[in-house]
Amino acid sequence: MNKAARLALLLMLAPLAACGSAPAATDAPLAGAKLGGAFSLIDQDGRRVTDKDFAGRYRLMYFGYTFCPDVCPVDLQKLMQGYAAFEKTNPVAAAKLQPIFVTIDPARDTPAALKQYVALFHPRLIGLTGTEAEIAATAKAYAVPYQRVESEGSNDYLMDHGRQAILYGSAGEPIALVPQEGAPDVIASELAKWVN
Ligand code: NI
């Protein structure tokens, strides 16, 4: 094959090779799990957003509520410290990952409340709320159980909730659990394993 023919062949193959370079991570721990899917919610700026707004981006999803006295703030702090460490070592990959906090307490977590809260953890963390029905449907699809718990002698209430942090791919497919209790470098290396 002469040079020109070889170049022509390379050019012809190039787009195919590009497609082939981003295979679905079939070896991912959660590959094929029935988790995630469509949602339509309101972000911390009061805008309606759906899962389609995140098409092409990886998503790190964590559900909780801003009144959570201990678990959510600690988990979010660790997750976002891990994300910040990932950003530092691999800013290009980290930019393709959207961290998302979804409330399971929409009665109290208005967009304004979420806006203040997410800013405490990372400038790129977004907060989502919605109607009770929208939140219930989303939590169900993402397999996050929750229930209201009355606290005695107070008008306040607590919410029990699942606390798993799950990494989803750019098409919304589940990839892996992220160890939200881990040190920042442990979380960062788990993200680096899948986000590229
Ligand atoms: Ni919590």
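A quick note: this is a predicted structure, and the numbers were derived from the prediction, not measured.

Caption draft 1: Looking closely at the environment of proline 73. Here proline 73 is to be found in helix α2 (residues 71-89). Placed 48 residues apart in sequence, proline 73 and phenylalanine 121 show a C-alpha to C-alpha distance of 8.5 Å. Discounting chain neighbours no more than four positions away, the residues touching proline 73 are Cys68, Tyr117 and Phe121.

Caption draft 2: Structural context of the coordination of the nickel ion. Protein-derived ligands of the nickel ion are Cys68 (SG), Cys72 (SG) and His161 (NE2), with the metal-ligand distances lying across 2.1 to 2.2 Å. Of note, the nickel ion draws all its donor residues from one chain, in the sequence arrangement C-x3-C-x88-H. With a gap of 89 residues between them, cysteine 72 in helix α2 and histidine 161 in strand β7 (residues 157-161) connect regions that are remote in the sequence. Take cysteine 72: its relative accessible area is 0%, and that puts it in the buried class.

Caption draft 3: Region of the structure containing unusual backbone geometry. A positive phi angle, close to 55 degrees, is found at alanine 143, a residue other than glycine. On the secondary structure map, alanine 143 appears in the loop between α5 (132-141) and β6 (146-150).

Caption draft 4: A look at the packing of α2 against helix α6 (residues 184-194). Axis separation between α2 and α6 bottoms out at 7 Å; the angle between their running directions is 60 degrees. When the axes of α2 and α6 are compared, the pair comes out oblique. For α2 against α6, the interelement crossing comes out right-handed. Residue-level inspection shows Lys78, Leu79, Gln81, Gly82, Tyr83, Ala85 and Phe86 of α2 in contact with α6, the latter providing Pro184, Ile187, Ala188, Leu191 and Ala192. The class makeup of the residues in the contact of α2 with α6 is nine nonpolar, two polar and one charged.

Caption draft 5: Main features of the pattern of salt bridges. For the coordinates displayed, the defined rule picks out nine salt bridges. The residue aspartate 105 makes a salt bridge to arginine 108 at a minimum N-O spacing of 2.8 Å. It is possible to trace a salt-bridge network through shared partners that takes in Asp43, Asp45, Arg47 and Lys115.

The rules we used
Residues numbered from 1 in each chain as written. Predicted model: local features only at pLDDT ≥ 70, side-chain atom pairs only at ≥ 80, totals over all residues. Heavy atoms only, no water. Helix = DSSP H or I, 4+ residues; strand = E, 2+ residues; numbered from the N terminus. Contact = heavy atoms within 4.5 Å. Donors = N, O, S within 2.8 Å, 3.2 Å for Na, K, Ca; no water. Buried < 20%, exposed > 50% of the residue type's maximum accessible area, 1.4 Å probe, protein only. Axes fitted to C-alpha atoms, helices over the stretch in contact; angles between N-to-C directions. Parallel < 35°, antiparallel > 145°, perpendicular 65-115°, else oblique. Left-handed = near helix turned anticlockwise from the far one by under 90°. Nonpolar A, V, L, I, M, F, W, Y, C, P; charged D, E, K, R; others polar. Salt bridge = Lys/Arg side-chain N within 4 Å of Asp/Glu carboxyl O.

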